[in-house]
Amino acid sequence: MLVRSAETSVLEWIRRYVGPWWTAVEEPTRGWTGPVVTAALGDIGNVTATETSWAEADYPRTPTRYRRNADGTVVAVAPRDRVTYRWRPEARRMDVRGEHGPALARATARVAREVVRAQLVTSGWVLLHASAAVVDGERAVLALGGRGAGKSTVALTLASRGAQLLGNDRVFARPTEDGGVELAPWPSGAAIGLGLMRALGWADVARRRWAAGAEPHPSQDPRVTAALLTGRSEPPRVGEREVKAHVRPEDFTGWFGLRGASSGRVAVTLFPLIRPGAEPEVDDRRATALTDADFMTGAVEDSFPDIFGLTGGANAGTARARAKVAARLGELPTRAIALGHDHRANVAFLEDITTHPGTGAVAR
């Protein structure tokens, strides 16, 4: 996939955003036949998109209107960001135009990543609702589960101890010919609880960065920023739900010193569950079979709907490909585990179980 822009800030943003996980090189001088994303600064005009023919979506969490024209071209507008998109499927070209540099850079990185997703899905990959870290250069620890189950805790804890972070919340997977499952990253940000931020030492890092002039993630709740700045221990909540810190993908490596991984092979799949006050343990009382909720299908995809039709509706991979990945993962070492809030105990437990995945109680 090729990204073109006269704005160096846009290209630099994309390099920071995906560079730790995907290889970014200079544009080839000739012979490029793949999809192209172009980005340009300029006035987008009076595009209120109020006609009834426009559909609506949050892309991602940004009110966006879009429609497909008779010639197959898809146009979209995000009035709040002052950004427009135009996808021409026959030419395999996405044109992005914006009035403000940062918003244009974010939009360009977003759709460039979506174009890559479409190419991978076409090649038989699926997109898992998962986190993953790579130990020993190739062996991947895959963490699956619902929201708040502890997927990020597993991957970020291991990455903070020397493993490479392959993905947080979204990971590509595909069966290999020799009976394994290979993984590829889908760079994305993360919502991280304040307790984990402090346990990893990241709260102090974020505080110093903000004090030096860096901006918090634009979607982060100001109450979270205030809690981290003041050192308040109790996280803000909406009802019973904790409001979490938002971390950009480039901050994992740029701020917090993690290393990114561009690939890995699943050595063990973990289904974590956070139990406050409990000791970490293997939990053989819970099943570990994959369900539709473990794939980023339309039913669970809430941030990046395929409004341009890039994947033909198979945004998490085809049903056949998902079934193959689920079956193959079921043949590899699998553990249901419980983690507590004692970070040191979690570290020791995760390092042990990922070093010796074939021992202990096995949940199937």
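The sections below set out a description of the structure shown in this document. (Residues numbered from 1 in each chain as written. Predicted model: local features only at pLDDT ≥ 70, side-chain atom pairs only at ≥ 80, totals over all residues. Heavy atoms only, no water.)

1. Some details on the overall build of the protein chain
Scanning the protein chain from terminus to terminus reveals nine helices and 21 strands. Each principal axis of the C-alpha atoms in the protein chain carries an extent, and together these give about 60 × 50 × 40 Å. Taken over 364 residues, the protein chain has a buried fraction of 51%. Pairs at least 24 residues apart make up 69% of the contacts formed inside the protein chain by residues separated by at least 6 positions. Of the roughly 16,700 Å² of accessible surface on the protein chain, a fraction of 49% belongs to carbon and sulfur atoms. For the protein chain, the separation between the mean place of its 47 positive charges and that of its 41 negative charges on side chains is 1 Å. (Helix = DSSP H or I, 4+ residues; strand = E, 2+ residues; numbered from the N terminus. Buried < 20%, exposed > 50% of the residue type's maximum accessible area, 1.4 Å probe, protein only. Contact = heavy atoms within 4.5 Å. Areas by Shrake-Rupley, 256 points an atom, 1.4 Å probe, with all protein chains shown as cover. Lys, Arg positive; Asp, Glu negative; His and termini not counted. Charge placed at Lys NZ, Arg CZ, Asp CG, Glu CD.)

2. Some thoughts on the nonpolar core
One finds Tyr85, Leu183, Phe252 and Phe308 to be the most contacted residues of the largest nonpolar core, which totals 88 residues. Looking at which element gives the most residues to this core, the answer is helix 2 (residues 101–122), with eleven residues. For Tyr85, the contacting residues outside a window of four places in its chain are Tyr59, Val74, Val75, Ala76, Met94, Asp95, Val96, Ala107, Arg110, Val111 and Phe308. Core analysis: the second largest hydrophobic core is formed by 14 residues, Ala163, Val268, Leu270 and Ile337 among them. (Core = buried A, V, L, I, M, F, W, Y, C linked by side-chain atoms within 4.5 Å.)

3. Brief notes about the packing of aromatic side chains
A complete count under the given rule lists seven aromatic pairs for this structure. Summarising the aromatic geometry, the rings of Tyr59 and Tyr85 are spaced 6.0 Å apart at their centres and angled 85° between planes, so their arrangement reads as edge-to-face. Highlighted residues: Tyr59 in the loop between strand 3 (55–58) and strand 4 (63–68) and Tyr85 in strand 6 (residues 83–88), separated in sequence by 26 residues. In this structure, Tyr59 and Tyr85 share a single accessibility class: buried. Site record: aromatic cluster; members linked through ring pairs are Trp202, Phe252, Trp255 and Phe256. Positioned over the ring face of Trp186 is Arg113, at 4.3 Å from the centre of the ring. Above the face of the Phe304 ring, Arg113 is positioned so that its terminal group lies 4.5 Å from the ring centre. (Phe/Tyr/Trp six-rings, centres within 6.5 Å; stacked < 30°, edge-to-face > 60°. Lys NZ or Arg CZ within 6 Å of the ring centre and 35° of its normal.)

4. Section: the pairing of strand 9 (residues 130–135)
Extensive coverage of strand 9 is indicated by the burial of six of its six residues. Alternating positions in strand 9 separate into two faces, Ala130, Ala132 and Val134 on one and Ser131, Ala133 and Val135 on the other, with burial throughout. With six bridges joining them, strand 9 and strand 10 (residues 139–144) adopt antiparallel strand pairing. Across the sheet, the residue bridging to Ala133 is Val141, located in strand 10. Taken together, strand 9 and the strand that follows it, strand 10, pair antiparallel across an intervening segment of three residues, in which Asp136 is found at a positive phi of about 60°. In this structure, strand 9 lies alongside strand 11 (residues 164–167), joined through three bridges in antiparallel fashion. Residue Ala133 lies in a different strand from strand 11, and its bridge partner there is Leu165. (Pairing = 2+ DSSP bridges.)

5. Examining the pattern of salt bridges
Evaluation of the coordinates by the stated rule reveals 21 salt bridges. Note that Asp136 is salt-bridged to Arg139, the shortest N-O span being 3.1 Å. By relative accessible area, Arg139 is classed as partly exposed at 25%. Taking the shortest distance from any N to any O, the salt bridge between Arg237 and Glu234 comes out at 3.7 Å. (Salt bridge = Lys/Arg side-chain N within 4 Å of Asp/Glu carboxyl O.)

6. Overview of the sheet that holds strand 1 (residues 2–5)
Strand order in this open sheet of seven strands is 1-2-7-6-5-4-3, and the pairing throughout is mixed. The outermost strands of the open sheet, each flanked by one partner alone, are strand 1 and strand 3. Pairwise comparison of adjacent strand axes, ignoring direction, gives a mean angle of 20° for this sheet. With six bridges joining them, strand 2 (residues 36–41) and strand 7 (residues 93–98) adopt parallel strand pairing. Across the sheet, Val36 pairs through a bridge with Arg93, a residue of strand 7. Along the sheet face, helix 2 touches strand 1, strand 2, strand 6 and strand 7 and points at about 170° away from the line of strand 2. (Axes fitted to C-alpha atoms, helices over the stretch in contact; angles between N-to-C directions.)

7. What about the environment of Val36?
Of note, Val36 is situated in strand 2. The class for Val36 is buried, based on a relative accessible area of 10%. Residues Val36 and Ser303 lie 267 residues apart in sequence; the distance between their C-alpha atoms is 23 Å. Apart from residues no more than four positions distant in its own chain, Val36 is found in contact with Leu2, Arg4, Arg92, Arg93 and Met94.

8. Quick word on the packing of helix 1 (residues 8–18) against helix 2
As a packed pair, helix 1 and helix 2 sit with axes 9 Å apart at the nearest point and diverge in direction by 50°. Between helix 1 and helix 2, the angle is such that the two are oblique. The two elements helix 1 and helix 2 meet at a crossing, and its hand is right-handed. On helix 2, the residues touching Val10, Trp13, Ile14 and Tyr17 of helix 1 are Pro102, Leu104, Ala105, Arg106, Thr108, Ala109 and Arg113. Each residue belonging to the contact of helix 1 with helix 2 can be placed in one class, and the counts come to eight nonpolar, one polar and two charged. (Parallel < 35°, antiparallel > 145°, perpendicular 65-115°, else oblique. Left-handed = near helix turned anticlockwise from the far one by under 90°. Nonpolar A, V, L, I, M, F, W, Y, C, P; charged D, E, K, R; others polar.)

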